[in-house]
Amino acid sequence: MISRIKGTNDIIEDSRIWEWLEGKLKNVALNFGFIETRTPIFEATELFNRSVGNETDIVQKEMYTFEDKGNRSITLRPEGTAPVMRAFIENNLLSKGLPQKLFYYGPMFRYERPQAGRMRQFHQFGVELIGSPLPIADAMTILLAIEMLKAIGLDKFKLKINSTGDEKCRPNYVEALKAYYKPFFNDLCDDCRVRYDRNVLRLLDCKKDAKYAENAPKITDYLCHDCKVHFDKLRKYLDEMEIEYEVDPSIVRGLDYYTRTVFEFKYPSLGAQDAIGGGGRYDRLIEELGGPKIPSIGFAFGIERLILALEEEGKLPKAEDLDVYIVSIDEDQRIEALKVASALSRYFKVDVDVMGRNVKGQFSYASKENARYTVVIGEEEIRTGLYTLKNMKTGEQSKVRLSEMIKEINGAK
Ligand code: HAM
């Protein structure tokens with residue numbers, strides 16, 4: 001037997017949950033005036049090297065990169081922001097005016113060690129607000145994310161925010177951080193010893209070396225005037241909107257393109273993989289990809305993790321029961337049963353026997369599928385046009401015409 005690739009999932013019985021979730025998230029995004037973009041699942045490798053960053057774990061260890069038959073280096077997208085920015089530049093969306101408000105949904109690929117909530121093919125729902133340098137854009141983006149979490153009914157999430165400064169103040173902070181970690185260098189984990197030179201900020205969110213991070217210098221003490229004003233204004237807006245948050249200096253994010261505001265939504269009971277979503281401002285990314293200098297901000301939710309969190313809160317939508325099962329007494333009535341199914345299917349969830357089961361078998365199948373009603377079709381029913389409609393919960397039966405049947409089933413809904 002050929003099995004699925006490690007870290008991937010087949011979605012079969014749960015597809016209705018996925019549809020429901022996508023629908024809810026999409027609805028909120030559309031109501032906030034965002035429009036959907038669909039970019040290819042693979043891109044030139046260089047796109048991610050230049051945006052996510054050469055020194056990040058994603059680029060160093062996690063990308064699905066291969067050469068195609070034309071010797072081009074191709075990568076399955078590990079995230080959605082860089083492709084959307086590439087599309088923004090390539091399709092000259094700037095000519096349509098700013099801001100541009102885009103959302104996307106789809107599979108992403110990272111070669112990570114699979115565990116609960118961590119997949120090699122996972123799905124993100126992401127949002128990008130392109131064009132505003134103002135903290136009100138940060139507030140709106142965070143508000144949008146919260147509205148989405150509310151729309152799906154999640155309660156027990158925590159919003160953590162931080163500022164990672166900009167090209168003016170971050171270098172000083174990097175120096176301070178290196179000086180702080182230097183005495184412990186030999187005690188750090190293997191990954192952190194490598195990150196020390198390449199991307200020292202990541203030492204702050206390493207779970208193994210968390211004890212050192214506690215007393216590390218905080219970026220919020222190193223922000224330049226402009227970054228501080230920006231962060232303070234964002235906090236003021238969040239306070240005014242009564243959005244609960246915590247300023248957490250360990251939120252540094254695993255992608256290099258961020259400037260100033262970064263944030264994550266944590267769902268603590270999910271354990272090690274507790275980030276259900278994350279994002280931030282990326283004021284230089286479009287320029288670094290060869291476009292104009294356009295400040296932007298966005299975030300993405302991980303769909304698999306949202307589903308785990310919803311499961312935990314008992315908020316997953318229940319499977320819809322079958323409304324009507326149409327029972328045919330014998331072979332001659334099967335085609336009539338199909339005709340009734342076709343008429344009722346315009347209003348209800350219906351099913352009809354295709355397995356050649358006898359009447360008893362059809363009734364037990366209807367019970368197993370939790371059918372609310374059954375309709376029995378025999379010779380007499382066809383002759384008189386009066387069908388036996390049975391309410392499977394109460395056991396009540398009545399003889400009704402098709403038009404009355406629709407009313408009766410509807411009335412009981
Ligand atoms: P990210 O934090 O790398 O950000 O991913 C966003 C979310 O995707 C995470 O919070 C998590 O829920 C989910 N996720 C990430 N990796 C996995 C995995 N291996 N398995 C399951 N779920 C996963 C970004 O990707 C940015 N592009 C977000 C963004 C948009 N920033 C600005 N705009």
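Rules of the game
Residues numbered from 1 in each chain as written. Predicted model: local features only at pLDDT ≥ 70, side-chain atom pairs only at ≥ 80, totals over all residues. Heavy atoms only, no water. Pairing = 2+ DSSP bridges. Helix = DSSP H or I, 4+ residues; strand = E, 2+ residues; numbered from the N terminus. Contact = heavy atoms within 4.5 Å. Axes fitted to C-alpha atoms, helices over the stretch in contact; angles between N-to-C directions. Phe/Tyr/Trp six-rings, centres within 6.5 Å; stacked < 30°, edge-to-face > 60°. Buried < 20%, exposed > 50% of the residue type's maximum accessible area, 1.4 Å probe, protein only. Core = buried A, V, L, I, M, F, W, Y, C linked by side-chain atoms within 4.5 Å. Domains from an automatic or database assignment. Near = heavy atom within 4 Å. Polar contact = N/O pair within 3.5 Å; in protein donor to acceptor, adjacent residues only side chain to side chain. Areas by Shrake-Rupley, 256 points an atom, 1.4 Å probe, with all protein chains shown as cover. Nonpolar A, V, L, I, M, F, W, Y, C, P; charged D, E, K, R; others polar. Parallel < 35°, antiparallel > 145°, perpendicular 65-115°, else oblique. Left-handed = near helix turned anticlockwise from the far one by under 90°.

Chemist: Looking at this model, I keep getting lost on the sheet that holds strand β6 (residues 121-130). Mind explaining?
Modeler: The strands making up a sheet associate through backbone hydrogen bonding, with each pair oriented either parallel or antiparallel. As summarised here, the arrangement of the 8 strands in space is β1-β5-β6-β11-β10-β9-β7-β8, forming an open sheet in which the pairing is mixed. Edge positions in the open sheet fall to β1 (35-36) and β8 (246-247), since each of these has one partner strand only. For strand β7 (residues 158-163) and β8, the ladder comprises 2 bridges, and the chain directions are parallel. Of the residues in β8, the one forming a bridge with K160 is E246. Packed onto the sheet, helix α9 (residues 225-240) meets β7, β8, β9 (261-266) and β10 (275-281) and runs at close to 160 degrees relative to β7.

Chemist: Quick question: what am I supposed to make of the packing of aromatic side chains here?
Modeler: Describing an aromatic ring pair means giving the distance of the ring centres and the angle of the ring planes. Summed over all chains, the structure comprises 17 aromatic pairs. Ring geometry for F184 and Y212: centres 4.7 Å apart, planes at 25 degrees, overall stacked. Of this pair, F184 sits in the loop between α6 (170-181) and α7 (190-198) while Y212 sits in helix α8 (residues 210-213); the two residues are 28 residues apart in sequence, bridging distant segments of the chain. Given a relative accessible area of 12%, Y212 falls into the buried group. Centroid distance Y347 to F348: 6.1 Å. Interplanar angle 45 degrees. Geometry classified as tilted. On the basis of relative accessibility, which here comes to 48%, the residue Y347 falls in the partly exposed class.

Chemist: Where do I start with the nonpolar core in this structure?
Modeler: In summary, soluble globular proteins display a tendency toward joint burial of nonpolar side chains. Core analysis: the biggest nonpolar cluster contains 64 residues, and M148, L154, Y181 and F265 have the highest contact counts within it. The element that contributes the greatest number of residues to this core is helix α5 (residues 135-152), accounting for 9 residues. Beyond its immediate stretch of four places on either side in the chain, M148 contacts L25, V28, A29, F125, V127, F299 and F301. V84, L102, Y282 and L289 belong to the second-largest nonpolar core, a separate cluster that totals 28 residues.

Chemist: Hey, could you run me through unusual backbone geometry in this one?
Modeler: Trans peptide bonds make up most of the peptide bonds, and negative phi angles are found at most residues other than glycine. A cis amide bond links L98 with the next residue in sequence, P99, at an omega value of 0 degrees. As for its placement among the helices and strands, P99 is situated in the loop between α4 (81-90) and β5 (100-109). Despite not being glycine, N71 shows a phi value in the positive range, around 60 degrees. Residue position: N71 is located in the loop between β3 (64-67) and β4 (73-76). We classify N71 as exposed; its relative accessible area is 60%. Within the chain, R260 stands out as a residue other than glycine whose phi angle is a positive 55 degrees. Looking at where R260 falls in the secondary structure, it is placed in the loop between β8 and β9. The exposure class assigned to R260 is buried, which follows from its relative accessible area of 14%.

Chemist: What should I look at first to understand the domain arrangement of the chain in this one?
Modeler: Put simply, an interface is often sized by how much accessible area is lost when its parts join up. Taken domain by domain, the chain consists of domain 1 (15-169 + 223-313) and domain 2 (324-412). Computed from C-alpha coordinates alone, the two centres of domain 1 and domain 2 are separated by 49 Å.

Chemist: What is the right way to look at the site of the ligand in this model?
Modeler: The full set close to the ligand counts 27 residues, and E79, E112, E128, Y258 and A275 are the nearest of them. In this structure, a nitrogen atom belonging to the ligand sits 2.6 Å away from a side-chain N or O atom of Y258. Separating an oxygen atom of the ligand from a backbone N or O atom of G302 is a distance of 3.3 Å. For the ligand, the accessible surface in isolation is 660 Å², of which the surrounding protein chains cover 96%. At the level of elements, β6, β10 and β11 (296-302) are the ones that each hand at least two residues to the shell around the ligand. In terms of residue count, β10 provides more of the shell around the ligand than any other element does, 6 residues in total. Here the shell around the ligand is composed, by residue class, of 11 nonpolar, 9 polar and 7 charged.

Chemist: Please explain the sheet that holds strand β14 (residues 373-377) as it appears in this structure.
Modeler: Sheet architecture is open: 5 strands sit in the order β13-β12-β14-β15-β16, paired in mixed fashion. Either end of the sheet is taken by a strand with one partner, and the two such strands are β13 (350-352) and β16 (397-400). Each neighbouring strand pair of the sheet contributes to a mean axis angle of 25 degrees, computed without reference to strand direction. Where strand β12 (residues 324-328) meets β14, 5 bridges bridge the pair, whose relative direction is parallel.

Chemist: So what exactly am I meant to see when it comes to the packing of helix α1 (residues 15-31) against α5 here?
Modeler: When two helices pack together, their arrangement is given by the angle between their axes and by how far apart the axes lie. Relative to each other, α1 and α5 sit at 140 degrees, their axes nearing to 9 Å. Classified by the angle their axes make, α1 and α5 are oblique. Our pair here, α1 against α5, has a crossing hand that is right-handed. Residues W20, L21, K24, L25, V28 and A29 of α1 form the contact with α5, whose own contacting residues are L144, E147, M148, A151 and I152.

Chemist: What's the story with the environment of S163 in this structure? I'm lost.
Modeler: When you line up the elements, S163 lands in strand β7. On the basis of relative accessible area, S163 is assigned to the buried category, the value being 1%. Expressed as a C-alpha distance, the spacing of S163 and K318, which sit 155 residues apart in the sequence, is 40 Å. A polar atom in the side chain of S163 sits 3.2 Å from the backbone nitrogen of G165.

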